[in-house]
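Here's the letter readout for the chains.
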Amino acid sequence: QVPLVESGGGLVQAGGSLRLSCAASGTIFSINVMGWYRQAPGKQRELVATITRGGDANYAESLKDRFTISRQNAKSTVYLQMNNLKPEDTAVYYCNAYGPGFDYWGQGTQVTVSS
């Protein structure tokens, strides 16, 4: 039981697109930053993208041309639009939300890109 609910993962062919969503399911005060991280088998968890409450986005350099992060503050929801997916994008994608005194993680959603 976590305060973040993720959706949108699945299986897609290379070159296709997916849109991930993550919403805070409870009342969380002052979420400063929401973001996405991913972890592939045998690798460490890595940054995909983050976005501040004011809309400033930060991306992993290798992903910035294909992925877009967005946020709806009124719904405490963050999205990740993933375009031109590649097999190396296959990973478990985790939603994150942090602010004063907290750092929450979602359960993760599997993204699998076939060749």
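Everything here concerns the structure above.
Each value, and the rule that gives it
- Residues numbered from 1 in each chain as written.
- Predicted model: local features only at pLDDT ≥ 70, side-chain atom pairs only at ≥ 80, totals over all residues.
- Heavy atoms only, no water.
- Buried < 20%, exposed > 50% of the residue type's maximum accessible area, 1.4 Å probe, protein only.
- Helix = DSSP H or I, 4+ residues; strand = E, 2+ residues; numbered from the N terminus.
- Pairing = 2+ DSSP bridges.
- Salt bridge = Lys/Arg side-chain N within 4 Å of Asp/Glu carboxyl O.
- Contact = heavy atoms within 4.5 Å.
- Disulfide = S-S within 2.5 Å.
- Axes fitted to C-alpha atoms, helices over the stretch in contact; angles between N-to-C directions.

### Overview of the pairing of strand β7 (residues 67-72)
Covered by surrounding structure in β7 are Phe67, Ile69 and Arg71 only, the residues Thr68, Ser70 and Gln72 on the alternate face being uncovered. Hairpin geometry of β7 and strand β8 (residues 77-82) is characterised by an intervening segment of 4 residues between the two adjacent antiparallel strands and by a positive phi of about 50° at Ser76.

### A look at the pattern of salt bridges
Taken as a whole, this structure holds 4 salt bridges when the rule is applied. Linking Lys64 and Glu61 is a salt bridge whose minimum nitrogen-to-oxygen distance equals 4.0 Å. Overall, the relative accessible area of 62% leaves Glu61 in the exposed class. Look at the salt bridges and you will find they share partners, linking Arg38, Glu46, Arg66 and Asp89 into a network.

### As for the environment of Asn32
Among the secondary structure elements, Asn32 is positioned in the loop between β3 (18-24) and β4 (33-39). On the basis of relative accessibility, which here comes to 34%, the residue Asn32 falls in the partly exposed class. It is 30 Å that separates the C-alpha atoms of Asn32 and Glu88, two residues lying 56 residues apart in sequence. Aside from chain neighbours lying at most four places away, what touches Asn32 is Ile51, Thr52, Arg53, Arg71, Tyr98, Gly99 and Pro100.

### Structural notes on the state of the cysteines
Scanning the entire structure with this criterion turns up 1 disulfide. Here Cys22 is linked by a disulfide to Cys95, with a sulfur-sulfur distance of 2.0 Å. Its torsion about the S-S bond being -85°, the disulfide of Cys22 and Cys95 is classed as left-handed. Taken as a pair, Cys22 in strand β3 and Cys95 in strand β9 (residues 91-99) lie far apart in primary sequence, 73 residues in all.

### Examining the sheet that holds strand β1 (residues 4-7)
Whether parallel or antiparallel, the strands of a sheet pair through hydrogen bonds between backbone atoms. Here 4 strands make up an open sheet; going across it, the order is β1-β3-β8-β7 and the pairing antiparallel. On the outer flanks of this sheet lie β1 and β7, each paired with one strand and no other. Taking each pair of neighbouring strands and ignoring which way they run, the sheet shows an average axis angle of 15°. Bridging between β1 and β3 involves 4 bridges; their strand directions are antiparallel. Paired with Ser7 across the two strands is Ser21, which belongs to β3.

### Focus on the pairing of strand β10 (residues 102-105)
Where β9 lies against β10, 4 bridges are found, and the strand directions are antiparallel. Note on β10: the bridge partner recorded for Gly99 is Phe102.

### Observations regarding unusual backbone geometry
The phi dihedral of Ser76 falls on the positive side, at around 50°, and the residue is not glycine. Inspection of the secondary structure puts Ser76 in the loop between β7 and β8. The class of Ser76 is partly exposed, set by a relative accessible area of 21%. With a phi angle near 50°, Asn84 is a residue other than glycine that sits in the positive phi range. Within the element layout of this structure, Asn84 appears in the loop between β8 and β9. Overall, Asn84 belongs to the partly exposed group, its relative accessible area being 43%.

Keep in mind these numbers describe shape, not what the thing actually does.
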